[in-house]
Amino acid sequence: MDYSKQRLKVVEILQINRDVRCYRFAPADEGSRLEGFKAGQFINLFFEIDGSTASRPYSIASSPKEAEAGYYDLYIHGGGEFTAKWLFEHVAVGDVFEASKPIGDFCIDSASTGPIIGISGGMSVTPLRSMARAVADGSVQARLSLFCGWDRPEEVLFYEEFLQLSRDCDRINAVFAVADVPVEGMEHGYITRDIICNNADTRDAEYFLCGPKVMYDFLERELAPLNIPPEKYHIEVPGEVKQRPASGLRDKFFNLTLAIGEKVHRIKISSEETILVGMERAGIKPESRCRSGSCGYCRAILQDGTVVADPDRETRDTTEIVQGIIRTCCTFALSDLSLKIDIDGR
Ligand code: FES
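Residues numbered from 1 in each chain as written. Predicted model: local features only at pLDDT ≥ 70, side-chain atom pairs only at ≥ 80, totals over all residues.

A. Spatial organisation of the overall build of the chain. Looking only at helices and strands, the chain features eight helices and 19 strands. Since a compact globule built from 346 residues should have a radius of gyration of about 20 Å, the 21 Å found for the chain is in line with a globular shape. In terms of principal-axis extent, the alpha carbons of the chain reach across some 60 × 50 × 40 Å. With 346 residues in all, the chain has 40% of them scored as buried. (Helix = DSSP H or I, 4+ residues; strand = E, 2+ residues; numbered from the N terminus. Rg over C-alpha atoms; globule rule 2.2 N^0.38 Å. Buried ≥ 20, exposed ≤ 12 C-beta atoms within 10 Å, placed from the backbone.)

B. Representation of the sheet that holds strand β14 (residues 263–270). A sheet is described by the order of its strands in space; here five strands give the open sequence β14-β13-β19-β15-β17, paired in mixed fashion. Since the sheet does not close on itself, it has two edges, and those belong to β14 and β17 (325–327), each with one partner. The sheet shows a mean angle of 35 degrees between the axes of neighbouring strands, taken without regard to direction. Of the pairings in the sheet, the one linking strand β15 (residues 299–304) to β17 comprises three bridges and is antiparallel in character. Residue A300 lies in a different strand from β17, and its bridge partner there is I326. (Pairing = 2+ DSSP bridges. Axes fitted to C-alpha atoms, helices over the stretch in contact; angles between N-to-C directions.)

C. Up close: the sheet that holds strand β12 (residues 233–235). Strand order in the open sheet formed by six strands is β10-β9-β8-β7-β11-β12, and the pairing between neighbours is parallel. Every interior strand has two partners, whereas the edge strands, β10 (187–188) and β12, have only one. In this structure, strand β7 (residues 116–121) lies alongside strand β11 (residues 206–210), joined through five bridges in parallel fashion. In the strand pairing of β11, I119 is matched with L209.

D. Region of the structure containing the nonpolar core. Core analysis: the largest hydrophobic core is formed by 44 residues, its most contacted members being I43, I60, Y72, L74, L256 and A333. Of all elements in the fold, only β2 (20–27), β3 (42–49), β5 (72–77), β6 (96–100), β13 (253–260), α7 (275–281), β18 (331–333) and β19 (337–341) reach the threshold of two or more residues within this core. Taken together, domain 1 (5–100) and domain 3 (253–341) each give at least three residues to this core, which thus spans both. Each residue touching L256, except ones within four places of it in the same chain, is listed here: I267, I269, G278, A333, L337 and L339. Grouped together as the second largest cluster of nonpolar side chains are 43 residues, V125, L146, C148 and V178 included. (Core = buried A, V, L, I, M, F, W, Y, C linked by C-beta atoms within 7 Å. Domains from an automatic or database assignment. Contact = placed C-beta atoms within 7 Å.)

E. Region of the structure containing the domain arrangement of the chain. Splitting the chain by domain gives domain 1 (5–100), domain 2 (116–235) and domain 3 (253–341). A C-alpha centroid distance of 26 Å is found between domain 1 and domain 3. The dominant element in the side of domain 1 that touches domain 3, judged by the number of residues it contributes, is strand β4 (residues 52–59), at five residues. Here the side of domain 1 that touches domain 3 is composed, by residue class, of two nonpolar, six polar and no charged. (Nonpolar A, V, L, I, M, F, W, Y, C, P; charged D, E, K, R; others polar.)

F. Focus on the environment of G118. Looking at the secondary structure, you find G118 in strand β7. It is 14 Å that separates the C-alpha atoms of G118 and F158, two residues lying 40 residues apart in sequence. Those residues within four positions of G118 in sequence are excluded, and the remaining contacts are L128, M131, L144, L146, F147 and F208.

G. Broad picture of the pairing of β4. Across eight bridges, β3 lies against β4 in antiparallel orientation. Within β4, the residue paired with L45 across the bridge is R56. What sits between β3 and β4 in their antiparallel hairpin is a turn of two residues, with D50 showing a positive phi close to 50 degrees.

H. Structural view of the pairing of β2. Where strand β1 (residues 5–15) meets β2, seven bridges bridge the pair, whose relative direction is antiparallel. Its bridge partner being in β2, L8 is matched across the sheet by P27. The antiparallel pairing of β1 with β2 creates a hairpin that spans four residues between the two strands. Bridge count for β2 against β5 is six bridges, and the pairing is antiparallel. Bridge pairing in β5 links R24 to D73.

In C-alpha cells form, the structure reads like this:
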C-alpha cells in the first residue's frame, strides 16, 4: 500500500448550481507535479474540523491529461453530510490540503478499446465525466455510452457538456433521464435496460455503475437478461457507512485502547459510529482512503473485544479474518476494544 501523500492547493472554485461547486486543485508546492491517475479513480482529502481529523474520498472529475496540465477538478455537494457541508462553507481559494495519491479499481485505462457503458445516479456521475473527457481528448480509444439519471431537473450536471462532447467525438453518446418530471431532451423515469439497449452497443460491453445502492439493486435485475460477465461489470463502492448493523445496542460509549506503533491512545468511541470516525473524533489521524470497506487502508488488528461489520462491506479475505484484521471504516464496537495498527512498512 502506498501511504504517501501529495499537497494540493485550491486554485479556483466554481458555483455549478445551488448545491454543487467545482473545486480545482493544483500542486501546493512550486515545482511539484500532480500524481497521474486512470479515469474513474479518486483521491482522499484530509482536513481538520474543530480539532478532529477527517477525510473524504472524491472522484476526480477532470481527465488524466488535465492532471498532466496541472489540476484535478472535484465536485462537492454542499447539501449532504456534515463534512461536505463544512468543506462547502469553509474552503477558500489558496487553502492547502493533504491528499492521497489517486487510487481505486473503478477506472478505465488507455488500453481500453470499448465499448464502455457508464451508468450513474445523481452526484456519483463525476468519475464518468473523467472517462468522457479522457475519451474525448483521445487518451482512451474506447467507445463510451453515458446514461445519467437524476431525480429532479435542477440537480442535473454535465448535460450541455456531455452533449457537446458527443457532438465533437463520435465515440461518445450521452442519454440523460429525470425521474420526477418530464424534461425535454431527456428520458422520463429511471435508466432501464431498454434505454441502454436502444442507445448503446451492448455486445462485449464493459459496464461502470456509480450511484446509490438502490440503483445497483434495480440495475442488477434490469440487466440480468444481458448475462454480463462479472469481470465486465464494475460497481463503484457506495459511500461511507453510516448505520450500525442491528445488534440490540443503542447509544453506548466504549473504551478503545489503540496502539499505533509505540504510541498507545485511550479514547471513548460511540457504538453508533464506525471505529474510524471515533478515532478521528479523538484527534487521531488514522489512515483511510475509500471509507467504504474496499481498499484496506484503514485496517487494524482486533486484540480484544467484540465488533460488528456492515455485512454489505465485508470484503476481508480468509487470511485477514483469521488474523483478526478489521476494516475500521465499516466496523462498529460492541464492547470495550483493544486494537493495534501495524505501521510497519509505511
Ligand atoms: S478506508 Fe478503505 S477499507 Fe477502510
